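Okay, here's what each chain looks like letter by letter:
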Amino acid sequence: MTATHARRRANLAALLPAHEADAILVTGGVNVRYLTGLASSNAAVLVRADATATLATDSRYLGAALRVCADIEVIEKPDVAGGLLPETGRTGIEADHMSVAGYFRLGGEPLRLSGVVESVRMVKDDEEIDLIRTACEFTDRAFAEVLPELRPGLTEKEVARALERRMIELGADGLAFDSIVASGPNGAIPHHSPSDRPLERGDLVTMDFGALYRGYHADMTRTVAIGEPAGWQHELYDLVHASQRAGVLAARTGAALHEVDAAARDLIGEAGYGEFFKHGLGHGVGLQIHEAPFLSRRRPEDSQGERDGSPKLERSSREPERDHEHARLEDRVPVTVEPGVYLPGRGGVRIEDTLVARDGGPELLTRTTKELLVL
């Protein structure tokens, strides 16, 4: 994929003049992987305005770097950031990914940049979309194949392990995040971790999980009923289902991020449940389970606790610094749409798909039914 990585570095280099930078020192591990193909716990890459690049890593990863990054200069430097910072020129650093101690070790006053690489990563190439699509297929199939096993007496932990085991058996490299299975009153807790609570008749059960494949993540949530649901459960499910459908339809190329959020959120608010839907509608998906853009009613920095209803805690990537009111979905940007309503002490419903914004309308990557399944 050297040609792919070279194209990505060229896209990044094209942004540097707007930041009055001659180069950018990329130290975020995910961003280094995106630009070079090297997955490492200690590597950095300097990308210059002419799109040339130098990668630094330590002896543990040198062999892999020389193999994977054959098209750029590779040097062995345990202090990967300090070893790459030029003595002259205006070089930007990734302020979101460098520690305070690391910053002061560099010396001088490098430009503090935020979200520049993430802005390039938002729009996916065909290879990336194919990898996310495959991860979503594993996720879909695991749900469909585990569903017949759900029954009263099975614990939340057992359901989570069954989903996770099946994704791995189908070909996933790992889990996109720690799975959520929340039954009965636990469904009112968006960040619930699977417990020893057994499923009971009358429960709504929310399952939020995803496969990881070659570095790319899937994200899907489905809520099912154990036994015939009560009237309020039907009402709640139908509301969230309608909200999710509205959000999916709104997630079109050119749509303003806050308007996509509003398309789903307003339905819930008009039904009188607005106070029970407190997180953002969705987020970008790719090499991280949470990445730009964020479908939110506010600027991302104003709504850190609202981005998502699940404990996928990888929140290091921020949306590029821009006017959130005018930020719009672009073609080939994968996002999730995941409204939820959570009633304390009673239960909740969340429904989520991963999709790709396309010029011709959104492409769903998670495709299992969202009709209420009664088991």
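Along its length, the protein carries nine helices and 19 strands. Taking 21 Å as the expected radius of gyration for a compact globule of 375 residues, we find that the protein reaches 22 Å, a close match to that expectation. Judged by the C-alpha coordinates and their principal axes, the protein covers about 70 × 40 × 40 Å. When burial is assessed residue by residue, the protein has 57% of its 375 residues classed as buried. A separation of at least 24 residues holds for 67% of the contacts in the protein among residues at least 6 apart in sequence. Within the structure as shown, the protein displays about 15000 Å² of accessible surface, and the carbon and sulfur contribution to it stands at 50%. Of the charged side chains in the protein, 43 are positive and 59 negative, and the gap between their average positions amounts to 2 Å.

Of the pockets and cavities examined, the largest pocket occupies roughly 310 Å³. Forming the walls of the largest pocket are 17 residues, and the residues nearest its centre are Thr27, Val80, Ala81, Met98 and Arg105. Elements with a minimum of two residues in the lining of the largest pocket: strand S2 (43-48) and helix H4 (100-106). Of the residues forming the lining of the largest pocket, the biggest block, three residues, is contributed by H4. Among the residues making up the lining of the largest pocket, the classes are represented as six nonpolar, nine polar and two charged.

Packed helix pairs are specified by the crossing angle of their axes together with the interaxial distance, meaning the distance between the axes. At a minimum axis separation of 6 Å, helix H1 (residues 2-13) and helix H2 (residues 29-36) run at an interaxial angle of 115 degrees. Where H1 approaches H2, its residues His5, Arg8, Arg9 and Leu12 are matched on the opposing element by Arg33, Tyr34, Leu35 and Thr36. The residue makeup of the contact of H1 with H2, split by class, is three nonpolar, two polar and three charged.

Attention now moves to empty space enclosed by the protein. Empty space among the atoms becomes visible once a probe the size of a water molecule is rolled across them. The final tally for this structure, using the stated rule, is three cavities of 30 Å³ or more. Empty space within the second largest cavity amounts to approximately 50 Å³. As for the second largest cavity, its lining consists of Ile24, Glu94, Ala95, Asp96, His97, Leu113, Ser114, Gly115, Val116, Val117 and Glu118. A total of three residues in the lining of the second largest cavity trace back to one element, the largest contributor, which is helix H5 (residues 116-121). Among the residues making up the lining of the second largest cavity, the classes are represented as five nonpolar, three polar and three charged.

A two-sided burial pattern is seen for strand S5 (residues 91-94), the buried positions comprising Thr91 and Ile93 on one face and Gly92 and Glu94 on the other. Two elements, strand S1 (residues 23-26) and S5, share three bridges in a ladder whose sense is parallel. Residue pairing in the sheet places Ala23 in a bridge with Thr91 of S5. Relative to strand S6 (residues 111-113), S5 runs parallel, the two sharing three bridges. If you follow Ile93 over to S6, its bridge partner there is Arg112. Remark: the S5/H4/S6 crossover connection has right-handed handedness.

The next point concerns the nonpolar core. With 35 residues, the main nonpolar core has Leu12, Ile24, Val26, Leu35, Val45, Val47 and Leu55 as its most contacted residues. With near-sequence residues (within four places) excluded, Val26 lies in contact with Leu12, Asn31, Val32, Leu35, Ala44, Val45, Glu94 and Val117. Of all hydrophobic cores here, the second largest spans 30 residues; its members include Ala250, Leu257, Ala264 and Ala327.

Attention now goes to unusual backbone geometry. Here the amide bond leading from Ala292 into Pro293 is cis, since omega sits at 5 degrees, within 30 degrees of zero. When you line up the elements, Pro293 lands in strand S14 (residues 291-295). You will see that Arg214, though not glycine, has its phi angle at about 50 degrees, which is positive. Topologically, Arg214 is positioned in the loop between strand S10 (211-213) and strand S11 (216-217).

Here we take up H1. Taking 1.5 Å of rise per residue, the twelve residues of H1 would be expected to cover 16 Å, and the 16 Å separating its terminal C-alpha atoms lies within 8% of that figure. What H1 keeps buried is the set Thr4, His5, Arg8, Arg9, Leu12 and Ala13.

In the structure shown here, the tally under the stated rule is three aromatic pairs. Each ring, one from Phe138 and one from Tyr213, has its centre 5.6 Å from the other, and the planes form 80 degrees; the classification is edge-to-face. You can see Phe138 sitting in helix H6 (residues 126-146) and its partner Tyr213 sitting in strand S10, a full 75 residues away along the chain. Using a relative accessible area of 12% as the deciding quantity, one classes Phe138 as buried. Ring geometry for Tyr273 and Phe276: centres 6.4 Å apart, planes at 55 degrees, overall tilted. On the basis of relative accessible area, Tyr273 is assigned to the buried category, the value being 18%. Arg265 extends its terminal NZ or CZ atom over the ring of Phe277, reaching a point 4.1 Å from the ring centre.

About the cut-offs
- Residues numbered from 1 in each chain as written.
- Predicted model: local features only at pLDDT ≥ 70, side-chain atom pairs only at ≥ 80, totals over all residues.
- Heavy atoms only, no water.
- Helix = DSSP H or I, 4+ residues; strand = E, 2+ residues; numbered from the N terminus.
- Rg over C-alpha atoms; globule rule 2.2 N^0.38 Å.
- Buried < 20%, exposed > 50% of the residue type's maximum accessible area, 1.4 Å probe, protein only.
- Contact = heavy atoms within 4.5 Å.
- Areas by Shrake-Rupley, 256 points an atom, 1.4 Å probe, with all protein chains shown as cover.
- Lys, Arg positive; Asp, Glu negative; His and termini not counted.
- Charge placed at Lys NZ, Arg CZ, Asp CG, Glu CD.
- 1 Å grid on protein atoms, 1.4 Å probe; cavity = no way out; pocket = protein on both sides within 12 Å on 5 of 7 lines; lining within 4 Å.
- Points joined across faces, edges and corners; volume = space filled by probe spheres on them.
- Nonpolar A, V, L, I, M, F, W, Y, C, P; charged D, E, K, R; others polar.
- Axes fitted to C-alpha atoms, helices over the stretch in contact; angles between N-to-C directions.
- Pairing = 2+ DSSP bridges.
- Right-handed = clockwise from strand over helix to strand, strands pointing away.
- Core = buried A, V, L, I, M, F, W, Y, C linked by side-chain atoms within 4.5 Å.
- Expected span 1.5 Å × (residues − 1).
- Phe/Tyr/Trp six-rings, centres within 6.5 Å; stacked < 30°, edge-to-face > 60°.
- Lys NZ or Arg CZ within 6 Å of the ring centre and 35° of its normal.

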